Amino acid sequence: MTRRFVPALLLWLAFVAACIAVVSQTRFTADLSAFLPEAPTAEQRVLVEQLRDGMVSRLLLVGIEGGDAAQRAQLSRDLAGKLRADAAFGMVANGEPVHRERDHALLFTHRYVLSPAVSAERFTTTGLRQAIAESIDLLASPLGMLTKTLLPRDPTGELLQLLERLDGGARPAMQEGVWASRDGRRALLLAQTRASGSDLDGQQAAIASLRNAFAGEASKLPSGADLKLLVSGAAVFAVDSRATIESEVTRLALLSTAIIAALLLFIYRSPTALVLGLLPVVSGALAGIVAVSLGFGVMHGVTLGFGTTLIGEAVDYAIYLFVQSGPARGNEGRNAFWPTIRLGVMTSICGFGALMFSGFPGLAQLGLYSIAGLIVAALVTRYILPQLLPVGFAIRDVTPLGLRLQCVVVAAGRLRWILAGVAALSGALVFAQHDRVWNHELGALSPVPAEAQAVDAALRSDLGAPDLRYMIVVRAADADSALQRAESVSAQLQTLVDAGEIGGYESPSLYLPSQTRQLERRAALPDPRELGERLATATAGLPLPAERLAPFIDDISTARARAPLTRADLDGTSFAMAVDSLLLRQGEQWTALLPLRAPAAGAPAKEIDPAAVRRALDGAADASPMFIDMKGESGRLYASYLREAIMLSLAGVAAIVALLAVALRSPRRVVRVLLPLAAAVLTVVAGLMLSGVALTILHLVGLLLIVAVGSNYALFFDGPGGSGGPPPATLASMLFANLTTVAGFGVLAFSSVPVLQAIGGTVGPGALLALVFAAAFARTSSCPVPGTPAR
Amino acid sequence: MFKVASTRLLVAALLAAASVLHGPQAIAAEAWTVAQLMQALGKHRNGQATFSERKYLAVLDQPVESSGELRFQAPDRLEKITLKPRPESLVLEGNNLSVTRGKKQFNVRLSDYGEVAGFIDSIRATLAGDRNTLERTYALHLAGNAERWTLTLLPRDTRMAEVVTRINIAGTRGLLREIEILQADGDRSVMEIVAMGQAR
């Protein structure tokens, strides 16, 4: 060890210590929010918040299968009872009328501030006569059975107004007194977790306690073992995905590390070399985590999973060092290959650097991680590693292998035109089908298995659970203003309901009108004496004499004195949960959500026409409503990030071209370096297309990696070896580097997590192709006579 | 509770009306038995009639009247189209009962109400001439002769009896003329039926 390198070594040790200190403080997350882009517009922010925290993410859909209907119903009741007593759950519904009595009592008590029909006109003589005559006519109908006994207290039919409005939604079928699927083979429950969608640990605990409660209650039944629990919903998906990603990342990282270590051990035949060879990778990974941690505050498990990215390329540096600086070469050999490596690292930085500007947090993190990691790994390889090599350090002599490889390269050169043809055909295919190259669906990244999605769809359809595709959002500084805005939007939505454009809508103001609206309605109620006089005139000639309406006058006079309804009054009714899930506090702002329901009638269910909704909303412009098409919005959002990522990648490619132009100072050499990379990328894309894969944003990352890794190969073939091509040691080191990359990424191709699989399936074959193309397109080299020691 | 009760009543009224829709049939007048009545009722697959109904309610001074058309189509579709005082259509098909009044539509699934499902099965059994099923829900009493008979249905189920005390169906041979429903609260309704013959 030379004395002048001691400072460098100390610096490195200090750096590693500092990294470890930062890493120990770093927060790691494994949820999917890395794939929810940072939303630039207000509508998109609401969407993302809704996905993370909203009622959708808190709803668990539960099915009970097996046994007979009576057993399922019994278990449904027992389970619901248990969950209702569990603080982890807000609302638990299974069709039992737990809230019905209190709901109806609340509606009836507060009907004059809740009913949309209440106005000053309704309580004039004419208005009263009309309303009462209508109620009498209704008695002729079978529906009159509902109102008959209430007529003396509610002759204007306000309760029916309210019930009609609330009963509009689709309800699940009933069997043995509880909800059941339409085919009658499952009992159904809905449970809402108190933990929000962003609190995955809380949701995980809630799901676990649901499963425990089921197992506990089922074991009490005589044939409980026959009964099976199904749980679905966004929370289940998120929790399961996290578990899958965590376990896959761990498993695959271990597996690829093991494969790479075995390969290196085989190549080096020296455990010391193996350990030393991993130093740049470990230093780079530490640096990457630190950079992401400092830059983003948290680090995603997925980003860490792509640390394989680094292992793939940074392991190469050590391989180049060990192999090419071989036994007798020392600094001379190192200096010979270093400029090429430096250019390769800079090329990779140009490629990954573009990702840092992505609005997709996962990609931006990946960009930063790779750059920091690569720079540190390269520096460690360059300045630290050579000093750590023991005196007389030597790995096995790879020259014979290198010589044989030179022959392979010559052979590959003969295939040049065939390979060029393959690349050209691939290019033609990609060009001809360029519309189909990209998958614009966000769902393509979803790690949820198709089977789980099918169960979810079945439960959702049987429960009539809202898919909340369309919703209107209004915001205000306080809850009551948000309710007022919801009311002015509701008025417009009602016109759409009347026109049949939408089936209906939800609004927190249906259950809890704004104070202003309630006071308006209360002010419309006449004083008892006045009302009595008006009733006498209004009921003349009707079969319902005014004397029989004394309870009505009493109720009105009580209603006039009653304080407006507040959120606290709703406790114990099913309206409490409805209001809480539709009226949200977000920081200093209150948000009211108004989900729309598609029209129910008609065999081919009519779709909601967004244009009609937007037109109607123009009438409530003062409430500044936002109309959100959740599915369309998330699709658009993803598509815009995909577009952005493609543009950034192209910018990265342009940067690489510029870099090569400056470094190589020869257009011909630039083309020679870029040609194999372009051929590899096109062939991989064509291969993916032919196997029916539409490319996602992660495939794009994979393509960038092919360019990053492959540029090293192309540069070596173009490098200082002269017209004879790279020397044998260089060839051997490239083969080793390639094998580790293909092994490291090949493993990912077998992952069940789509994002990992996409990267693996792209980079694995891509790296191999890049080497093959680079070799085939290289300038002619000669194949030495076997057995001759060449140098 | 009142909701279930009223639905039950609603279905009772509706289905009682269904039995009306069978066309006239010549049957020997002498010994008129439940078995013969069932056979006469069960033979027809569809029919159409006009109705006028009066409801006598304690809360009102005068009865409320309504009128319209009834249509039945085998095996399980029944429509009650009210024209006066306000247009309303009520369609029972299979397990679904839907009421359309003005722009509003209400849908009820019969199986949501266990007792009512038993009720509907028994009425369908009547139409099919399946006396055994019918007798599971009601005690049957037949009075009169083939030309002028009265079938009385008394609910066996106590929960049903809390709403409906008795249903009297009067008819001539396979043709129904009047359905009277007596409710537990003392209110009653009488529906008069005039058959229009077979539906097209």
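These figures come from a predicted structure and were not determined experimentally.

Asker: Can you walk me through the overall build of chain A in this structure?
Answerer: Looking only at helices and strands, one finds 32 helices and 13 strands in chain A. Summarising the internal contacts of chain A: among those between residues at least 6 apart in sequence, 82% fall at separations of at least 24. Looking at chain A as shown, the accessible area adds up to about 32700 Å², and 61% of this sits on carbon and sulfur atoms.

Asker: Explain the packing of aromatic side chains to me, please; I cannot follow it from the model alone.
Answerer: Given two aromatic rings, one states the distance between the centres and the angle between the planes to describe the pair. Residues and elements named next belong to chain A. For the structure shown, the criterion picks out seven aromatic pairs over all chains. Aromatic side chains Tyr112 and Phe552 sit 6.4 Å apart centroid to centroid with 50° between the ring planes, which places their arrangement in the tilted category. Of this pair, Tyr112 sits in helix H6 (residues 111-114) while Phe552 sits in helix H25 (residues 550-561), placing them 440 residues apart in sequence. Both residues of the pair, Tyr112 and Phe552, count as buried.

Asker: Can you walk me through the side chain of Thr152 of chain B in this structure?
Answerer: All names here are of chain B. Relative to the assigned elements, Thr152 resides in strand S8 (residues 148-155). Residue classification places Thr152 among the buried positions, given a relative accessible area of 15%. Among the polar contacts listed, one links the side chain of Thr152 to the side chain of Asn168, at a separation of 3.3 Å. Once you skip the residues sitting within four places of it in the chain, Thr152 turns out to touch Ala139, Leu140, His141, Arg166, Ile167 and Asn168.

Asker: Help me understand the confidence of the model for chain A in this model?
Answerer: Detailed reading of the predicted coordinates is not advisable wherever pLDDT falls low. All names here are of chain A. Put simply, chain A has an average pLDDT of 82, and 87% of its residues get 70 or more. When pLDDT is averaged over each helix and strand of chain A, the minimum, 51, is found for helix H15 (residues 326-329) and the maximum, 93, for helix H23 (residues 515-523). For residues 787-791, every residue scores under 50 in pLDDT, and the model assigns this stretch four contacts once sequence neighbours within four places are set aside.

Asker: What is the right way to read the pattern of salt bridges from this model?
Answerer: Where side chains of opposite charge bring their charged atoms close, a pairing between them can arise. Residue and element names in this part refer to chain A. Scanning the entire structure with this criterion turns up 27 salt bridges over all chains. Between Arg122 and Glu158 there is a salt bridge whose closest N-O contact spans 2.6 Å. In this pair, Arg122 is assigned in the loop between H6 and helix H7 (125-140) and Glu158 in helix H9 (residues 158-166), connecting sequence segments 36 residues apart. For Glu158, a relative accessible area of 0% corresponds to the buried category.

Asker: Can you help me understand the nonpolar core in this one?
Answerer: Among soluble globular proteins, nonpolar side chains are generally buried collectively. Residues and elements named next belong to chain A. Tyr268, Phe322, Ile697 and Phe717 are the most contacted members of the largest nonpolar core, which totals 125 residues. Among the elements that take part in this core, helix H30 (residues 697-718) stands out by supplying 16 residues, more than any other. The next biggest cluster of nonpolar side chains, apart from the first, holds 48 residues, and it includes Leu106, Val579, Ala620 and Met626.

Asker: What should I look at first to understand the packing of helix H21 (residues 479-498) of chain A against helix H27 (residues 610-617) of chain A in this one?
Answerer: How two helices pack is summed up by the angle between their axes together with the distance between the axes. Residues and elements named next belong to chain A. Two numbers describe how H21 lies on H27: the axes approach to 9 Å, and their chain directions differ by 135°. Relative to H27, H21 is oriented oblique. As H21 packs across H27, the resulting crossing turns out to be right-handed. Together, Val489, Gln492 and Leu496 of H21 and Ala612, Val613, Ala616 and Leu617 of H27 make up the contact between the two elements. Across the contact of H21 with H27, the residue classes break down as six nonpolar, one polar and no charged.

Asker: Help me understand the confidence of the model for chain B in this model?
Answerer: Residue and element names in this part refer to chain B. When the pLDDT values of chain B are averaged, the result is 73; 66% of them are 70 or greater. Here residues 1-6 is modelled with pLDDT under 50, and outside its nearest four sequence neighbours on either side it reaches 11 contacts, counting other chains as well. The ipTM, which scores confidence in the relative placement of chains, is 0.78 for this predicted complex, and the corresponding pTM is 0.65.

Asker: Is there a simple way to think about the environment of Asp240 of chain A in this case?
Answerer: The topology assignment puts Asp240 of chain A in helix H11 (residues 234-268). For Asp240 of chain A, a relative accessible area of 40% translates into the label partly exposed.

Asker: Help me understand helix H31 (residues 728-748) of chain A in this model?
Answerer: Note: α-helices contain 3.6 residues per turn, so residues at a spacing of three or four share the same orientation. A rise of 1.5 Å per residue sets the reference length of H31 of chain A, with its 21 residues, at 30 Å; its end C-alpha atoms lie 31 Å apart and thus fit the reference within 8%. A large share of H31 of chain A lies buried, amounting to 18 of its 21 residues.

Asker: Just to check I follow, could you spell out the environment of Gln203 of chain A for this structure?
Answerer: Residue and element names in this part refer to chain A. Within the element layout of this structure, Gln203 appears in helix H10 (residues 200-220). The exposure class assigned to Gln203 is buried, which follows from its relative accessible area of 1%. Gln203 has contacts with Ser57, Arg58, Thr193, Ala195, Ser196, Gly197, Ala235 and Val239, leaving out every residue within four places of it along the chain.

Asker: How should the environment of Ser293 of chain A be read in this particular structure?
Answerer: Residue and element names in this part refer to chain A. Looking at where Ser293 falls in the secondary structure, it is placed in helix H12 (residues 271-296). Measuring from C-alpha to C-alpha, the distance between Ser293 and Gln365 comes to 9.2 Å, with 72 residues separating the pair along the chain. Sequence-distant contacts of Ser293, defined by excluding residues within four places in its chain, comprise Val22 and Thr26.

Asker: Even after reading the chapter, I still don't get the pairing of strand S2 (residues 64-73) of chain B, so can you show me in this structure?
Answerer: Each regular strand carries side chains that alternate between the two faces of the sheet. All names here are of chain B. Relative to S2, strand S1 (residues 46-56) is paired through 10 bridges, and the arrangement is antiparallel. Residue pairing in the sheet places Asn46 in a bridge with Gln73 of S2. Taken together, the seven bridges between S2 and strand S3 (residues 77-84) define a ladder with antiparallel strand orientation. Each residue of the ladder has a partner; that of Phe72, found in S3, is Leu78.

Asker: What is the right way to look at the packing of helix H1 (residues 6-25) of chain A against H12 of chain A in this model?
Answerer: Residues and elements named next belong to chain A. Where H1 meets H12, the axes come as close as 9 Å, and the angle between the chain directions of the two elements is 50°. Judged by the inter-axis angle, H1 sits oblique to H12. Our pair here, H1 against H12, has a crossing hand that is left-handed. Contacts between H1 and H12 involve Trp12, Phe15, Val16, Cys19, Ile20, Val22 and Val23 on the former and, on the latter, Leu279, Ser283, Leu286, Ala287, Ile289, Val290, Ser293 and Leu294.

Asker: Would you mind showing me how to read the pairing of S1 of chain B here?
Answerer: Judged from the eight bridges that link them, S1 of chain B and strand S11 (residues 188-195) of chain B form a sheet pairing that is antiparallel. The residue of S11 of chain B that forms the bridge with Thr50 of chain B is Val194 of chain B.

Asker: Help me out: how do you make sense of H10 of chain A in this one?
Answerer: Residue and element names in this part refer to chain A. The end-to-end C-alpha separation of H10 is 30 Å, in line with the 30 Å expected for 21 residues at 1.5 Å each. Burial in H10 covers these residues: Leu200, Gln203, Ala206, Ile207, Leu210, Ala213, Phe214, Glu217 and Ala218. Burial along H10 is one-sided: seen end-on, the buried residues are contained in an arc of 145°. Exposed residues on H10 whose side chains face more than 90 degrees from its buried face are Asp201, Asn212, Ser219 and Lys220.

The rules behind each value
Residues numbered from 1 in each chain as written. Chains lettered and ligands numbered in written order. Predicted model: local features only at pLDDT ≥ 70, side-chain atom pairs only at ≥ 80, totals over all residues. Heavy atoms only, no water. Helix = DSSP H or I, 4+ residues; strand = E, 2+ residues; numbered from the N terminus. Contact = heavy atoms within 4.5 Å. Areas by Shrake-Rupley, 256 points an atom, 1.4 Å probe, with all protein chains shown as cover. Phe/Tyr/Trp six-rings, centres within 6.5 Å; stacked < 30°, edge-to-face > 60°. Buried < 20%, exposed > 50% of the residue type's maximum accessible area, 1.4 Å probe, protein only. Polar contact = N/O pair within 3.5 Å; in protein donor to acceptor, adjacent residues only side chain to side chain. pLDDT = per-residue confidence, 0-100. Salt bridge = Lys/Arg side-chain N within 4 Å of Asp/Glu carboxyl O. Core = buried A, V, L, I, M, F, W, Y, C linked by side-chain atoms within 4.5 Å. Axes fitted to C-alpha atoms, helices over the stretch in contact; angles between N-to-C directions. Parallel < 35°, antiparallel > 145°, perpendicular 65-115°, else oblique. Left-handed = near helix turned anticlockwise from the far one by under 90°. Nonpolar A, V, L, I, M, F, W, Y, C, P; charged D, E, K, R; others polar. Expected span 1.5 Å × (residues − 1). Pairing = 2+ DSSP bridges. Arc of directions from axis to C-beta.

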